[in-house]
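Observations on the three-dimensional arrangement
In case you want the letters, here they are:
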Amino acid sequence: MRFLITGGAGFIGSHLADELLLRGHRVHVLDDLSTGSIEHIRHHKDNASFSYTIESAASAPLVAELVDEADVVYHLAAAVGVELIVESPVRTIETNVHCTEVVLMQANKKKKPVFIASTSEVYGKGETLPFREDGDLLLGPTHIGRWAYACSKALDEYLALAYHHEKQLPVVVGRLFNTVGPRQTGRYGMVVPSFVRQALAGRPITVYGDGTQRRCFCHVEDVVRALCDLMVTDDVYGQVFNIGSTEEVSVLELAHRVREAAKSDSQIDTVPYEDAYEPGFEDMPRRIPDLAKIEGTLGWRPTRDLAGILDDVVRSEREAGTDVFTAGVA
Ligand code: UDP
């Protein structure tokens, strides 16, 4: 089959390209490299089943052409990362809403199946855990930047489901919870790559708030396996699926575990939220997915635990010998 991946040079998109090619499919990547990197797809350059276009998914004529050549579309192009959202709210809202409009409209012309990547951010401040796909979304006020991201992705979901309902477009929405692994950059504030780079550089590990907030981290290879399986499964169209891990850890404990995995003697500092982000910043105390739906549909569960994930990220950061000396500029 032929797959189009918007955002295919990004962290998750490039792993998805790897997995689809491994499964014997053809892949075309559309990415404007705004947050992705050509390095993430360079290893496929000589693969006859792989091709790419460096351009924005906001370009309707181009998306129309690429959609025509594909059997299935994965729409992953988005502005992601809490820091980017707080710093560039206009770009975040416009990218997330407009590109999704373009992709859905073009896919609809030929009724091509589309996967829309959404996020656990849409659950907002909800406290009824674990989060179920049919549960309420609880967002904060419009003057706080973070909620603009959640709202823009929720609007993507509404639009995708509306296309399915009104125009019978085959769409699937995946709500991705915290996803980590090799190639993720700490530049936009994601906690695991930031902590790993800080630990490897011997710099202080920066825990925001008091570190009691908890998250569940899923390995990107597990996530892309779910993405691939979803689009070859019957009866998934018009539905929303949580994708993530249920192994919870506090951010403070995570800092200790990263330090251990990296065999680092970095100190662990706490940084007030208003210094890390902006005054009035609101964080989620906990975020756990209910996986019953995806497990029931695909038999999917994550296979990698946090210990294995951290070892993998530390190993890949060491191998990349990356810009550890600029770690923390996130
Ligand atoms: N965080 C942190 N230090 C950092 C980056 C993030 O303590 O250098 C915290 C952040 O405030 C949040 C958690 O780690 O509570 C996860 O942050 P991330 O941006 O990775 O994902 P989120 O779950 O907020 O979308």
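No experiment lies behind these values; they were computed from the predicted model shown. (Residues numbered from 1 in each chain as written. Predicted model: local features only at pLDDT ≥ 70, side-chain atom pairs only at ≥ 80, totals over all residues. Heavy atoms only, no water.)

**Concerning unusual backbone geometry**
Between L129 and P130 the backbone carries a cis peptide bond, its omega angle lying at -10°. With respect to the helices and strands, the residue P130 is situated in the loop between β5 (114-119) and α5 (145-167). Here the phi dihedral of Q168 falls at roughly 60°; this positive angle occurs in a residue that is not glycine. Mapped onto the elements of the fold, Q168 is located in the loop between α5 and β6 (171-176). In this structure, R183 is a non-glycine residue whose phi angle is positive, near 80°. With respect to the element layout, R183 can be found in the loop between β7 (179-180) and α6 (191-201). (Helix = DSSP H or I, 4+ residues; strand = E, 2+ residues; numbered from the N terminus.)

**Observations regarding the site of the ligand**
In the vicinity of the ligand, 19 residues are found, and the nearest of them are T206, Y208, R215, D283 and R287. Here a nitrogen atom of the ligand and a backbone polar atom of T206 are 2.7 Å apart. Here an oxygen atom of the ligand sits 2.7 Å away from a polar atom, N or O, in the main chain of Y208. Secondary-structure elements contributing two or more residues to the shell around the ligand are α6 and β8 (205-208). (Near = heavy atom within 4 Å. Polar contact = N/O pair within 3.5 Å; in protein donor to acceptor, adjacent residues only side chain to side chain.)

**Topic: the packing of α6 against helix α11 (residues 306-320)**
Between α6 and α11, whose axes approach to 10 Å, the crossing angle comes to 55°. In terms of their interaxial angle, α6 and α11 are classed as oblique. Every pair of crossing elements has a handedness; the one defined by α6 and α11 is right-handed. Between α6, through V192, V196, R197 and L200, and α11, the contact on the second element is made entirely by L310, V313, V314, E317 and R318. (Axes fitted to C-alpha atoms, helices over the stretch in contact; angles between N-to-C directions. Parallel < 35°, antiparallel > 145°, perpendicular 65-115°, else oblique. Left-handed = near helix turned anticlockwise from the far one by under 90°. Contact = heavy atoms within 4.5 Å.)

**Considering the nonpolar core**
By size, the foremost hydrophobic cluster in this structure holds 35 residues, and its most contacted members are L16, Y74, F115, L227 and I243. Looking at this core, the elements that each hand over two or more residues are β1 (2-6), α1 (11-22), β2 (26-31), β4 (72-75), β5, β6, α7 (220-230) and β11 (239-243). If you tally residues by element for this core, the top one is α7, at seven residues. In this structure, Y74 is in contact with F3, L4, I5, T6, L16, L20, F115, L227, C228 and M231, ignoring residues within four places of it in sequence. L4, V67, V73 and V173 belong to the second largest nonpolar core, which has 23 residues in total. (Core = buried A, V, L, I, M, F, W, Y, C linked by side-chain atoms within 4.5 Å. Buried < 20%, exposed > 50% of the residue type's maximum accessible area, 1.4 Å probe, protein only.)

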